[in-house]
Amino acid sequence: MAYPAEPWSLRGRMYVSVWSLPVADLPELPPELAGAVRVVRFGRRAVVGTAWVDYRPGGDMSYRELLSAVLVRAGLRPRVTITHIWVDSPRSRDGGRALWGIPKDLAEFELTGARAAAATEAGPIAAARLSRRGPALRLPIGFRVTQALTGMAKTTPVRATARWGPARVAWTIEPYGPLRFLAGRRPLLSMVADDFRMRFGAGAARTAA
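Sequence positions are assigned chain by chain, starting from 1 and proceeding in written order. This being a predicted model, a pLDDT of at least 70 is required before a residue's local features are given, and a value of 80 or more before pairs of side-chain atoms are given or counted; all residues contribute to the totals for chains, interfaces and linings. Where side-chain values are given, they derive from all heavy atoms of the structure, hydrogens and water being excluded.

Asker: Hey, could you run me through the environment of Asp105 in this one?
Answerer: Each helix is a run of H or I in the DSSP string that is no shorter than four residues. Each strand is a run of E no shorter than two, and both are numbered from the N terminus. Here Asp105 is to be found in strand S7 (residues 104-106). Summary of the burial criterion: residues with accessible area below 20% of their type's maximum are buried, those above 50% are exposed, and those between are partly exposed, where the area comes from a 1.4 Å probe applied to protein chains only. On the accessibility criterion, Asp105 (36% relative accessible area) is partly exposed. Between the C-alpha atom of Asp105 and that of Asp88, which follows or precedes it by 17 residues, the distance is 8.3 Å. Residues count as neighbours in contact if any of their non-hydrogen atoms are within 4.5 Å of one another. For Asp105, the contacting residues outside a window of four places in its chain are Ile85, Trp86, Val87 and Arg97.

Dropping the structure here:
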C-alpha cells in the first residue's frame, strides 16, 4: 500500500504525558542504537513520554496513534527514541517503518474529546480520560527522533506548531500489556497540543509547519 514521501505534513490534536521511571524499568532500546544514543539519566531515573494523537483531515493522512518514547541523547544533543507505537492506518504503519524505522503496529482506537482507548487482537493496551485544564498558547517546537533502520541509527527531524495548554490525562495501563512498565504509575505532567501542524521527516528542519 502506497504511503506519502517524506516529509509528512500532518495536522490534529495530541495529549502528551511525561513520566519519570527508574532506569532499570525502561524498555530496552534496539542494539543498533547502542553507539548512537544514550538514555538521559537524572540520577537513577529517566524520562518517558507518551501521547494519544488524532491526525485529522488537512494533512497527508488521517489516523489515530498511541506511542511511548524515551528521552535519549547523542553526545549532549537531546533525541527521542520511540519504543512502542500503534496506529489504525496500514499506510502510516508501512511508511513509518520503511522511511524512519518507527516500529508501528496496528490497533483499534477509541479517541474522542474526553476518552481514549487502544487495543489489539491480543487485548487492551491502555485507556485514558482526557480534559483540558487551562489556557493555551501557540508555540513552535522542534526535536529529532533516532530509530534503528536497516541495521543503523537514523535521525529524523520534526517541526511543529500547536496551541499548547495544561491537561489532565488519567491513564489506565493494562498491567500485562506492552506498556506494563507504566502500569500503576502517574505522569509528572500532561499537556494538550491542539490544532498542531507538523512536518515529519527530511526537509522538516528547513520548513516551518
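Asker: Help me understand the pattern of salt bridges, please; the structure alone is not making it clear to me.
Answerer: Side chains bearing opposite charge may pair, as long as their charged atoms lie close to each other. Here a salt bridge means any side-chain nitrogen of Lys or Arg lying within 4 Å of a carboxyl oxygen belonging to Asp or Glu. A full pass over the atoms with the stated rule returns 12 salt bridges. One salt bridge connects Asp88 with Arg64, and the closest N-O pair in it is separated by 2.8 Å. Within this pair, whereas Asp88 is found in the loop between strand S6 (77-87) and helix H1 (90-100), its partner Arg64 is found in strand S5 (residues 63-74), the two being separated by 24 residues in sequence. Given the relative accessible area of 27%, Asp88 is considered partly exposed. As a salt-bridge pair, Asp94 and Arg93 come within 2.8 Å of each other at their nearest N and O atoms.

Asker: Looking at this model, I keep getting lost on unusual backbone geometry. Mind explaining?
Answerer: A negative phi angle is the norm for most residues apart from glycine, just as the trans form is the norm for most peptide bonds. Across the junction of Glu6 and Pro7, the peptide omega takes the value 0 degrees, indicating a cis bond. Mapped onto the elements of the fold, Pro7 is located in the segment before strand S1 (8-22). Phi is positive for Thr150, which is not a glycine, with a value near 50 degrees. Within the secondary structure, Thr150 is located in the loop between strand S11 (137-149) and strand S12 (152-173). For Thr150, a relative accessible area of 70% translates into the label exposed. Of note, the phi angle at Asp195 is positive, near 50 degrees, even though the residue is not glycine. Looking at the element boundaries, Asp195 is found in strand S13 (residues 189-200). Here Asp195 falls in the partly exposed class, since its relative accessible area comes to 27%.

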